[in-house]
Amino acid sequence: MAKRKEIEQNFVKNLQEKKIPDGFIKLTDNPVNGLSSEQKVILNRKANTMFNNGNVEDARRIFITTGYSDGLTRVGNYYMDKNESLKALKAYYLAHNTRETEPIYEQIAKVISKLISD
């Protein structure tokens, strides 16, 4: 039990020093299983700070890692504001946000329909 407490304290200390432990930022599209609620909270807070400071890509990767849908939706909104709808679509899709994905799907369908009809 003392070993676990020490690991958690080191984890928090590393985050506070703005060091992300290896393995906690990933590039795949599925949340990591096995993260405790506390670890997710710590990572999401760190990612929120990164996002607010303009470090959207690292924040996005952490939100994917934790499966934080609100964070991913904000990332999607950021990309939509930058007129990068495919990046936005991916973020919305990972957030399971169908309200935001449907209009993008409709746009894609219109483009494909136009290409086919010409």
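The structure we're discussing is the one just above.
Residues numbered from 1 in each chain as written. Predicted model: local features only at pLDDT ≥ 70, side-chain atom pairs only at ≥ 80, totals over all residues. Heavy atoms only, no water.

Asker: Just to check I follow, could you spell out the overall build of the protein chain for this structure?
Answerer: A count of helices and strands for the protein chain gives six helices and zero strands. If you list the helices and strands of the protein chain from N to C, you get α-α-α-α-α-α. Split into buried and exposed, the 118 residues of the protein chain put 32% on the buried side. A sequence separation of at least 24 residues applies to 39% of the contacts in the protein chain between residues at least 6 apart. (Helix = DSSP H or I, 4+ residues; strand = E, 2+ residues; numbered from the N terminus. Buried < 20%, exposed > 50% of the residue type's maximum accessible area, 1.4 Å probe, protein only. Contact = heavy atoms within 4.5 Å.)

Asker: Mind showing me how you'd approach a nonpolar patch on the surface here?
Answerer: On the surface, a nonpolar cluster with roughly 630 Å² of combined accessible area is contributed by Leu86, Tyr93, Tyr105, Ile108, Ile112 and Ile116. Mapped onto the nonpolar patch, the elements with two or more residues apiece are helix 5 (85-94) and helix 6 (98-117). Sorting elements by how many residues they give to the nonpolar patch places helix 6 first, with four residues. With respect to the helices and strands, the residue isoleucine 116 is situated in helix 6. Accessibility expressed as a relative area gives 66% for isoleucine 116, which makes it exposed. (Patch = residues over 30% accessible without salt bridge, like charges linked within 9 Å, V, L, I, M, F, W, Y side chains within 5 Å. Areas by Shrake-Rupley, 256 points an atom, 1.4 Å probe, with all protein chains shown as cover. Salt bridge = Lys/Arg side-chain N within 4 Å of Asp/Glu carboxyl O.)

Asker: Help me understand helix 3 (residues 56-66), please; the structure alone is not making it clear to me.
Answerer: The periodicity of an α-helix, 3.6 residues per turn, causes residues three or four places apart in sequence to face the same way. Burial analysis of helix 3 places eight of its 11 residues in the buried class, which makes it a mostly covered element. Looking only at helix 3, the buried set comprises Val56, Ala59, Arg60, Ile62, Phe63, Ile64, Thr65 and Thr66. Contacts from the buried residues of helix 3 go to helix 2 (37-52), helix 4 (69-81) and helix 5.

Asker: Is there a simple way to explain the environment of alanine 91 in this structure?
Answerer: You can see alanine 91 is positioned in helix 5. By relative accessible area, which is 4% here, alanine 91 ends up buried. Measuring from C-alpha to C-alpha, the distance between alanine 91 and arginine 60 comes to 8.0 Å, with 31 residues separating the pair along the chain. Not counting chain neighbours up to four residues away, the residues in contact with alanine 91 comprise Leu72, Val75 and Gly76.

Asker: Can you walk me through the nonpolar core in this structure?
Answerer: What tends to happen in soluble globular proteins is that the nonpolar side chains get buried as a cluster. Among the nonpolar cores identified, the biggest contains 20 residues, and Ala59, Phe63, Leu72 and Val75 are the most heavily contacted of them. Looking at this core, the elements with two or more residues in it are helix 2, helix 3, helix 4 and helix 5. Setting aside its immediate chain neighbours within four residues, alanine 59 contacts Ala47, Met50 and Phe51. (Core = buried A, V, L, I, M, F, W, Y, C linked by side-chain atoms within 4.5 Å.)

Asker: Is there a simple way to think about unusual backbone geometry in this case?
Answerer: Glycine aside, the phi torsion of most residues is negative, and most peptide linkages are trans. In this model, asparagine 83 sits at a positive phi of 60°, which is unusual for a non-glycine residue. Within the element layout of this structure, asparagine 83 appears in the loop between helix 4 and helix 5. Note on asparagine 83: relative accessible area 69%, which makes it exposed. For histidine 96, which is not glycine, the phi torsion reads 60° and is therefore positive. Within the secondary structure, histidine 96 sits in the loop between helix 5 and helix 6. Assessed through its relative accessible area of 70%, histidine 96 is described here as exposed.

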